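Here is what each chain is made of, one letter per residue.
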Amino acid sequence: MKKMNIRTLTSVGLLSTLAYLLMLLNFPIPPFPSFLMIDFSDIPALIAAIIFGPLAGIMVELVKNVLDFFMTGSPTGVPVGHLANFVAGITFILPVYYVYKKFESKKGLTVALAAGAVFMAVMMSVLNYYVILPAYTLFLNAPAMSAPETKEMVVSAILPFNMIKGMVMAVVFLLIYSRIYVWMRKQAAVS
């Protein structure tokens, strides 16, 4: 893990701000439930992780979610959605970082992004089944979903949504990466 210096912290702050702004530009994907929103706020966190290491990516994810919670709040009063977004971001960027660092090539990055998308989709499905959906029903004072209802929600909505989200982020990141590859290499060399 690389030591955090002033330059790294400044870069993480700027990437966190960008991630927060991208988080505000979220949108649903039909046919999925409207509470499942896609945004591209994980891309700055991924850039931070690749340049400065996994801790920087985690910090970007944390700062963007804390900012969003304080600026927009939460329908439950408890940051359940923000914690879910934080975990989803981490489960996407960490596999991408570790697989990419093992191969460090364009093909390696493509494999890493696919691995990140699959890992995020599977982990978020499990967490939604056992933690996130029950927390929402608890804090919203809604009737609890039965196990078959929860399973149906996870299988028909959560899992495919997160796979699509991961793949869309992967394609967008690859397009951006091809433009900023040289800059990222320079930043990684300096830090």
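Look up: the structure comes first, before these words.
These numbers come from a predicted model, not from an experiment.

**Student:** So, the overall build of the chain: which residues are in play, and what are the values?
**Tutor:** Helices and strands together make up the secondary structure of the chain, namely 6 helices and 2 strands. Traced from its N-terminal end to its C-terminal end, the chain shows the element sequence α-β-β-α-α-α-α-α. Principal axes of the C-alpha set define a box for the chain whose edges measure 55 × 35 × 25 Å. Looking at the 191 residues of the chain, the share that counts as buried comes to 42%. Once local pairs closer than 6 in sequence are excluded, the contacts in the chain between residues at least 24 apart make up 71%. When the 13 basic and 7 acidic side-chain charges of the chain are each reduced to a single mean position, those positions are 18 Å apart.

**Student:** Residue-level account of helix α4 (residues 80-103), with values.
**Tutor:** With 24 residues, α4 extends 35 Å between its outermost C-alpha atoms, agreeing within 8% with the 34 Å of an ideal straight helix rising 1.5 Å per residue. At the exit of α4 stands E104, carrying a positive phi of roughly 40°.

**Student:** Run through the pattern of salt bridges, naming residues and quoting values.
**Tutor:** Scanning all chains against the criterion turns up 4 salt bridges. Across the salt bridge formed by K101 and E104, the nearest N and O atoms sit 3.8 Å from each other. The exposure class assigned to E104 is partly exposed, which follows from its relative accessible area of 33%. Among the charged side chains, a network of salt bridges with common partners joins D42, E61 and K64.

**Student:** Talk me through the packing of helix α1 (residues 6-24) against helix α3 (residues 54-72); I want residue IDs and the actual numbers.
**Tutor:** Packed helices, taken two at a time, are described by the angle their axes make and the gap between the axes. The geometry of α1 relative to α3 is characterised by a closest axis approach of 8 Å and an angle of 50° between their N-to-C directions. The angle between the axes of α1 and α3 places the two elements in the oblique class. Relative to α3, α1 is oriented so that their crossing is right-handed. Across the interface between the two elements, L9, V12, L15, S16, A19, Y20, M23 and L24 of α1 pack against A56, M59, V60, V63, K64, N65, L67, D68, M71 and T72 of α3.

**Student:** Account for the nonpolar core, naming residues and giving values.
**Tutor:** In this structure, L46, F92, L109, L113 and F173 are the most contacted members of the largest nonpolar core, which totals 33 residues. Among the elements of the structure, α1, α2 (42-52), α3, α4, α5 (106-139) and α6 (147-190) are those that each provide at least two residues to this core. In terms of nonpolar packing, the next biggest core, distinct from the first, is built from 9 residues, I29, L36, I38 and I158 among them.

**Student:** Break down a nonpolar patch on the surface for me, with residues and values.
**Tutor:** On the surface, V118, V122, V126, Y130, V131, L159 and M167 cluster together into a nonpolar patch covering about 600 Å² of accessible area. Note on placement: M167 falls in helix α6. Since its relative accessible area comes to 34%, M167 is described here as partly exposed.

**Student:** So what about unusual backbone geometry? Which residues, and what values?
**Tutor:** The omega angle of the peptide bond from P30 to P31 is 10°, so this bond is cis rather than trans. Here P31 shows up in the loop between β1 (27-28) and β2 (37-38). The phi dihedral of E104 is positive, around 40°, even though this residue is not glycine. Here E104 is to be found in the loop between α4 and α5. One non-glycine residue, N141, lies in the positive phi region at around 60°. Looking at where N141 falls in the secondary structure, it is placed in the loop between α5 and α6. For N141, a relative accessible area of 74% corresponds to the exposed category.

Conventions used here
- Residues numbered from 1 in each chain as written.
- Predicted model: local features only at pLDDT ≥ 70, side-chain atom pairs only at ≥ 80, totals over all residues.
- Heavy atoms only, no water.
- Helix = DSSP H or I, 4+ residues; strand = E, 2+ residues; numbered from the N terminus.
- Buried < 20%, exposed > 50% of the residue type's maximum accessible area, 1.4 Å probe, protein only.
- Contact = heavy atoms within 4.5 Å.
- Lys, Arg positive; Asp, Glu negative; His and termini not counted.
- Charge placed at Lys NZ, Arg CZ, Asp CG, Glu CD.
- Expected span 1.5 Å × (residues − 1).
- Salt bridge = Lys/Arg side-chain N within 4 Å of Asp/Glu carboxyl O.
- Axes fitted to C-alpha atoms, helices over the stretch in contact; angles between N-to-C directions.
- Parallel < 35°, antiparallel > 145°, perpendicular 65-115°, else oblique.
- Left-handed = near helix turned anticlockwise from the far one by under 90°.
- Core = buried A, V, L, I, M, F, W, Y, C linked by side-chain atoms within 4.5 Å.
- Patch = residues over 30% accessible without salt bridge, like charges linked within 9 Å, V, L, I, M, F, W, Y side chains within 5 Å.
- Areas by Shrake-Rupley, 256 points an atom, 1.4 Å probe, with all protein chains shown as cover.

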